[in-house]
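Chain and residue survey
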Amino acid sequence: QVQLIESGGGAVQVGDSLRLACTASGFTFSGYGLAWFRQGIGNDRRFVGSARWDDGWTTYADSVKGRFTISRDQATNTVYLQMNSLKPEDTAVYYCAARMSWTYRMDLDGLYDYWGQGNQVTVSS
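Description of the structure in this document. Model, not experiment: these values are computed from the prediction.

The rules behind each value
- Residues numbered from 1 in each chain as written.
- Predicted model: local features only at pLDDT ≥ 70, side-chain atom pairs only at ≥ 80, totals over all residues.
- Heavy atoms only, no water.
- Helix = DSSP H or I, 4+ residues; strand = E, 2+ residues; numbered from the N terminus.
- Rg over C-alpha atoms; globule rule 2.2 N^0.38 Å.
- Buried < 20%, exposed > 50% of the residue type's maximum accessible area, 1.4 Å probe, protein only.
- Contact = heavy atoms within 4.5 Å.
- Lys, Arg positive; Asp, Glu negative; His and termini not counted.
- Charge placed at Lys NZ, Arg CZ, Asp CG, Glu CD.
- Core = buried A, V, L, I, M, F, W, Y, C linked by side-chain atoms within 4.5 Å.
- Pairing = 2+ DSSP bridges.
- Axes fitted to C-alpha atoms, helices over the stretch in contact; angles between N-to-C directions.
- Salt bridge = Lys/Arg side-chain N within 4 Å of Asp/Glu carboxyl O.
- Polar contact = N/O pair within 3.5 Å; in protein donor to acceptor, adjacent residues only side chain to side chain.

**Regarding the overall build of the protein chain**
When helices and strands are counted, the protein chain shows zero helices and 11 strands. For the protein chain, the α and β elements follow one another from N to C terminus as β-β-β-β-β-β-β-β-β-β-β. Taken over C-alpha atoms, the radius of gyration comes to 13 Å for the protein chain, in line with the 14 Å a tight globule of 125 residues would show. Overall size of the protein chain, expressed as C-alpha extent along the three principal axes, is 40 × 25 × 25 Å. Evaluated residue by residue, the protein chain yields a buried proportion of 43% over its 125 residues. Restricting the contact set of the protein chain to residue pairs at least 6 apart, pairs at least 24 apart contribute 57%. Here the protein chain contributes 11 positive and 12 negative side-chain charges, whose respective centroids are spaced 3 Å apart.

Dropping the structure here:
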């Protein structure tokens, strides 16, 4: 069965760090473009960042640039979202997504083939 399995998330305080993981099951990420999106209450799903699996190229939304980092572990077929200096406005359900090739429009959520189940991240002040 092809799916993305997410882990991590939880409730933290302002300034804390958290790491989310997304593992491919039933396929490998080779050649894929990957991304993280988030959706806060009352908001549309928004782009957080992306990574090109084969060479690790990454892009980030301005709102998280310098605080969030996407990395990958090719041995375990897992992509990570490291979130530092968390703020209350980072509170959202976070989703990983994968598409079969890279595009310069990785910020468009309609272009993805697979989605993770979502993980809640709550940042309290």
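**Some words on the nonpolar core**
Residues Phe 29, Trp 36, Leu 81, Met 83 and Tyr 94 are the most contacted members of the largest nonpolar core, which totals 36 residues. Looking at this core, the elements that each hand over two or more residues are strand 3 (18-25), strand 4 (33-39), strand 5 (46-52), strand 7 (68-73), strand 8 (78-83), strand 9 (92-99) and strand 11 (119-124). Excluding anything up to four places from it in sequence, Phe 29 contacts Leu 4, Cys 22, Thr 23, Ala 24, Leu 34, Trp 53, Asn 77, Thr 78, Val 79 and Ala 98.

**Side note on the sheet that holds strand 7**
As summarised here, the arrangement of the four strands in space is 1-3-8-7, forming an open sheet in which the pairing is antiparallel. Strands at the two margins of the open sheet, each flanked by one partner only, are strand 1 (3-8) and strand 7. Going from strand to strand, the sheet's axes swing by 20° on average, the running direction of each strand aside. Relative to strand 3, strand 1 runs antiparallel, the two sharing six bridges. Each residue of the ladder has a partner; that of Ser 7, found in strand 3, is Ala 21.

**Side note on the side chain of Arg 99**
Among the structural elements, Arg 99 can be located in strand 9. Buried within the structure, Arg 99 lacks any salt-bridge partner; Asp 113 is the closest side chain of opposite charge, at an N-O distance of 5.4 Å. Separated by 3.0 Å, the side chain of Arg 99 and the backbone oxygen of Leu 111 make a polar contact. Excluding residues that lie within four positions of it along the chain, Arg 99 makes contacts with Tyr 32, Gly 33, Met 106, Leu 111, Tyr 112 and Asp 113.

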